[in-house]
Amino acid sequence: MTLSVTGVSAPAKRFLATLLPIALLSAPLPLLAQPAGSGAVDEPSYDQLPLEDIQTFAEVFERIKRAYVEEVDDSTLLRNAMRGMLSELDPHSAYLDEEEYQSLRESTQGEFGGIGIEVGTENGQLMVITPIDDTPASRAGLLSRDIIVAIDGTPTDSMSLQEAVTLMRGEPGTDLRISVLRSGEDSPREFILTREVIRSESVKHELLEPGYGYLRVSQFQSRTPEQAREALELMDREQPLEGLVLDLRNNPGGVLQAAVGIADLFLDEGLIVYTEGRLSDTEMSFSASPNTPAGDVPLVVLINGGSASAAEIVAGALQDQRRGVIMGTDSFGKGSVQQIMPLGNGEGLKLTTALYYTPNGRSIQAQGIEPDVDVVRGRLEVAESRREIREADLEGHLSAQQAPRDRQEMAERLLDDYQLSEALNLLKALNVVDRQRR
């Protein structure tokens, strides 16, 4: 096999001579998709490699080296090429340098310095997927689907996802200024946030009323199923649960196995999720186990546009298995699986390797989960003109004992969170119907 390098300079020829053997060595990699013991396979044809494109790449490389306004070293050019190669695949694949790779590892361990925000890209724009609970981002009022147009004055339109994440993270106590464009608004809002150590406690629980529990899962980490099981046991120990609200709103996802573990708390049999990809080791299937602590508790699952990835796995499994009522608004629609692949130089790849499917074979990618009951987020208010006169309005009425402070706070919370209030009402209605059927 011969390769013509006519029309390019000597430096480009030397670069091409280096690049070609690398390309030839990388060609057999798709053979890894063959299952073990499948027998001999045909050798790939090197003549099918896009040699003209490789030649063009070498020419572009040489032109940049010779004519760009500033001198750029070879290593920077090659890394930029690799970044571009991955970023053009989908919004979630990326090349990670050593610092970015370490930062990603820290975030999966549940502690890092930042503002507490999950971001992605859509149509080339940096977008908030969801703010993490009890972080500077959530306290400042950032919302799912906000578009981040600038970080510390630097426009994000030409910024990669990893570059944006790196800029937003930093030493706790330092300030970060971001400009955000919100749907329906003409001009950006500016937020100045102080970075904190983000320790993502992924599970919270409380009783909404006696017998009615609330389980909040803000993201999926390795210990999330264990923490959720403990929370269910604590609530049930106080009073047997007659209903449960599982809150997955603004949950950006996380570890796949953790999502399976959460769904398994409510399912005692059947498929939870399966994945399909090009390589055999990306095809996985997860089913429920009989050891189910909350298998018969009436369940309402809250989702919204910030519920993504692993949160959608849980909602989709419970919906397909008819285990609970899904309430809220359409979820985000991230149905792809990323693997973190370390490289020999201390850097890494984040590569989309599979799509996941609900038990009924639905792909969530770019579709999301549609709730069984649509309820938009809002505040429950009563119009004064329609307010009925009650005993408490009559002059000289007898006073009842004041409700405990925690009950008052819960009532105020239900008033401020219309979706949660409707979920509780639905659980009560389900119990009434169930008692009437007995």
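Since this is a predicted model, take the numbers as computed values, not measurements.

Secondary structure summary: the protein contains 11 helices and 19 strands in total. Buried positions account for 42% of the 438 residues belonging to the protein. Taking contacts inside the protein between residues at least 6 apart in sequence as the whole, the part at least 24 apart equals 68%. For the protein, the accessible area works out to roughly 24,600 Å², and carbon and sulfur atoms hold 49% of it.

Turning next to the packing of helix α7 (residues 224-238) against helix α8 (residues 256-264). Packing of α7 against α8 leaves a shortest axis separation of 8 Å and a crossing angle of 25 degrees. As far as their axial angle goes, α8 and α7 are roughly parallel. For α7 against α8, the interelement crossing comes out right-handed. Contacts between α7 and α8 pair Thr-224, Pro-225 and Ala-228 from the former with Ala-258, Gly-261 and Ile-262 from the latter. Along the lines of polarity and charge, the residues of the contact of α7 with α8 split into four nonpolar, two polar and no charged.

Below, the discussion takes up a nonpolar patch on the surface. A cluster of nonpolar side chains, namely Val-60, Ile-64, Tyr-68 and Val-69, defines an oily patch on the protein surface of about 390 Å² accessible area. With respect to the helices and strands, the residue Val-69 is situated in the loop between α2 (51-67) and α3 (74-87). For Val-69, a relative accessible area of 72% puts it in the exposed group.

It is worth spelling out the packing of aromatic side chains at this point. Using the criterion set out here, one finds one aromatic pair in the structure. With a centroid separation of 5.3 Å and an interplanar angle of 15 degrees, the aromatic rings of Tyr-274 and Tyr-357 are classed as stacked. Here Tyr-274 is found in strand β13 (residues 271-277), whereas its partner Tyr-357 is found in strand β18 (residues 348-357), with 83 residues between them in sequence. Taking the relative accessible area as the measure of exposure, Tyr-357 reaches 16% and is therefore buried.

This paragraph deals with the nonpolar core. Counting residues in hydrophobic clusters, the biggest one holds 43 residues, and the most contacted among them are Leu-215, Phe-220, Leu-232, Leu-246, Leu-248 and Phe-266. The set of elements that each furnish at least two residues to this core consists of β11 (212-217), α7, β12 (243-247), α8, β13, β15 (299-303), α9 (310-320) and β18. Here this core gets seven residues from one element, more than from any other, and that element is α9. If near-sequence neighbours (up to four positions away) are discounted, Leu-215 is found in contact with Val-203, Lys-204, His-205, Ala-228, Ala-231, Leu-232, Leu-244, Val-245, Leu-246, Asp-247 and Phe-266.

In this structure, Asp-264 sits in helix α8. The class of Asp-264 is buried, set by a relative accessible area of 14%. C-alpha separation for the pair Asp-264 and Ser-287, spaced 23 residues apart in sequence, amounts to 8.0 Å. Among all residues touching Asp-264, those that are not within four sequence positions of it are Ile-272, Ala-288, Ser-289, Asn-291 and Thr-292.

Our next topic: the environment of Ile-262. Within the secondary structure, Ile-262 sits in helix α8. Along the chain, Ile-262 and Ala-228 lie 34 residues apart, while their C-alpha atoms are 7.4 Å from each other. Ile-262 has contacts with Phe-220, Thr-224, Pro-225, Ala-228 and Val-314, leaving out every residue within four places of it along the chain.

Bringing the pairing of strand β7 (residues 175-181) into the picture now. The pairing of strand β5 (residues 147-151) with β7 spans four bridges and is classified as antiparallel. Bridged to Ile-147 within β7 is Leu-181. In the sheet, β7 pairs with strand β8 (residues 189-194) via six bridges, with the strands oriented antiparallel. Paired with Asp-175 across the bridge in β8 is Thr-194.

Quick look at the sheet that holds strand β16 (residues 325-328) now. Strand order in this open sheet of six strands is β10-β11-β12-β15-β16-β19, and the pairing throughout is mixed. Every interior strand has two partners, whereas the edge strands, β10 (203-209) and β19 (373-374), have only one. Of the pairings in the sheet, the one linking β12 to β15 comprises four bridges and is parallel in character. In the strand pairing of β15, Asp-247 is matched with Leu-302. Strands β10, β11 and β12 of the sheet are contacted by α7, whose axis makes an angle of about 25 degrees with β10. Where α9 meets the sheet, it contacts β12, β15 and β16, and its direction lies at approximately 140 degrees from that of β15.

In the Ramachandran plot, Asp-152 falls in the positive-phi region, its phi being about 50 degrees despite a non-glycine side chain. Here Asp-152 is to be found in the loop between β5 and β6 (154-155). Residue classification places Asp-152 among the partly exposed residues on the basis of a relative accessible area of 38%.

Thresholds, definitions, all that
- Residues numbered from 1 in each chain as written.
- Predicted model: local features only at pLDDT ≥ 70, side-chain atom pairs only at ≥ 80, totals over all residues.
- Heavy atoms only, no water.
- Helix = DSSP H or I, 4+ residues; strand = E, 2+ residues; numbered from the N terminus.
- Buried < 20%, exposed > 50% of the residue type's maximum accessible area, 1.4 Å probe, protein only.
- Contact = heavy atoms within 4.5 Å.
- Areas by Shrake-Rupley, 256 points an atom, 1.4 Å probe, with all protein chains shown as cover.
- Axes fitted to C-alpha atoms, helices over the stretch in contact; angles between N-to-C directions.
- Parallel < 35°, antiparallel > 145°, perpendicular 65-115°, else oblique.
- Left-handed = near helix turned anticlockwise from the far one by under 90°.
- Nonpolar A, V, L, I, M, F, W, Y, C, P; charged D, E, K, R; others polar.
- Patch = residues over 30% accessible without salt bridge, like charges linked within 9 Å, V, L, I, M, F, W, Y side chains within 5 Å.
- Salt bridge = Lys/Arg side-chain N within 4 Å of Asp/Glu carboxyl O.
- Phe/Tyr/Trp six-rings, centres within 6.5 Å; stacked < 30°, edge-to-face > 60°.
- Core = buried A, V, L, I, M, F, W, Y, C linked by side-chain atoms within 4.5 Å.
- Pairing = 2+ DSSP bridges.

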